[in-house]
Amino acid sequence: MKRNKVIKLLTGRAELREQLIFKNRVCVVLIVMGIFFYMLKFFDAAEFNGLIGKGEYIYNGAASCFIIIGIVRILRNFRLLKNEDLLKRYEIAINDERNINIQKCALSNAVIAYTWLGFLAGLAAAPFNEAVACTILYSICSLLIIYMMFSFIFNKTM
């Protein structure tokens, strides 16, 4: 794919049909990741020295979520791609200014709440378990770095 086409797909400026096909490909990657997480459990004994056994429930939960979300999204997108009337109604709904503002406000507030709650949880966990505290605080830092990268990309392309 050309760079401009990928940027259009990521920023939502491409045609809706192309966006849905691109989202289907991303969902296939999610499903493959979920299957990979399930497969890690079977190869755990020899290759990973019991590493997965300690977090087996986390891997199983992540794998289940990836597979279920991927399948549900693919089915929804295929239904939209097959029916022109549904596709037009969906396009009107996602381009409605009120819906866009609601989504932006909800996402912005969710990121702010996640950042502060994670920061407080990391500080609260620090005296008890330093590794957990570092993991939480590093995930918050990662979120903010990714946020800044996307802000930079969108400011340049939009």
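Use the structure listed above.
Everything in this summary refers to the structure shown in the same document. (Residues numbered from 1 in each chain as written. Predicted model: local features only at pLDDT ≥ 70, side-chain atom pairs only at ≥ 80, totals over all residues. Heavy atoms only, no water.)

Focus: the nonpolar core
Then step 1. Formed by L16, L20, L80, L81, L86, L87 and Y90, the largest nonpolar core amounts to 7 residues.
Then step 2. Of all the secondary-structure elements, those providing two or more residues to this core are α2 (16-42), α5 (56-82) and α6 (84-95).
Then step 3. Among the elements that line this core, the one with the most residues is α6, at 3 residues. (Core = buried A, V, L, I, M, F, W, Y, C linked by side-chain atoms within 4.5 Å. Buried < 20%, exposed > 50% of the residue type's maximum accessible area, 1.4 Å probe, protein only. Helix = DSSP H or I, 4+ residues; strand = E, 2+ residues; numbered from the N terminus.)

Re the pattern of salt bridges
Working definition: two side chains of opposite charge can pair if their charged atoms are close together.
Then step 1. Scanning all chains against the criterion turns up 2 salt bridges.
Then step 2. With its nearest N and O atoms 2.1 Å apart, the salt bridge here joins R17 to E84. You can see R17 sitting in helix α2 and its partner E84 sitting in helix α6, a full 67 residues away along the chain.
Then step 3. Using a relative accessible area of 27% as the deciding quantity, one classes R17 as partly exposed.
Then step 4. Residue class for E84 comes out partly exposed when judged on its relative accessible area of 41%. (Salt bridge = Lys/Arg side-chain N within 4 Å of Asp/Glu carboxyl O.)

Here we look at a nonpolar patch on the surface
Then step 1. On the surface, a nonpolar cluster with roughly 520 Å² of combined accessible area is contributed by I112, W116, F119, L120 and L123.
Then step 2. Residue position: L123 is located in helix α7 (residues 97-125). (Patch = residues over 30% accessible without salt bridge, like charges linked within 9 Å, V, L, I, M, F, W, Y side chains within 5 Å. Areas by Shrake-Rupley, 256 points an atom, 1.4 Å probe, with all protein chains shown as cover.)

Section: α7
Then step 1. When the terminal C-alpha atoms of α7 are compared, their 41 Å separation across 29 residues agrees well with the 42 Å that a helix rising 1.5 Å per residue should span.
Then step 2. Buried within α7 we find T115, G118, G122 and A125.
Then step 3. Buried residues along α7 sit against α8 (130-157). (Expected span 1.5 Å × (residues − 1). Contact = heavy atoms within 4.5 Å.)

What about the side chain of N77?
Then step 1. If you trace the backbone, N77 turns up in helix α5.
Then step 2. Polar contacts involving the side chain of N77 include one to the side chain of N24, which spans 3.0 Å.
Then step 3. Setting aside residues up to four positions removed in sequence, N77 forms contacts with L20, K23 and N24. (Polar contact = N/O pair within 3.5 Å; in protein donor to acceptor, adjacent residues only side chain to side chain.)

Considerations on the packing of aromatic side chains
Then step 1. A complete count under the given rule lists 3 aromatic pairs for this structure.
Then step 2. Of the aromatic side chains, those joined through ring pairs into one cluster are F36, F37 and F66. (Phe/Tyr/Trp six-rings, centres within 6.5 Å; stacked < 30°, edge-to-face > 60°.)

Description of the environment of Y90
Then step 1. Here Y90 lies in helix α6.
Then step 2. The spatial distance from the C-alpha of Y90 to the C-alpha of L16 is 9.4 Å, given a sequence separation of 74 residues.
Then step 3. When neighbours within four sequence positions are excluded, Y90 is seen to be in contact with L16, L20, K23, R76 and L80.

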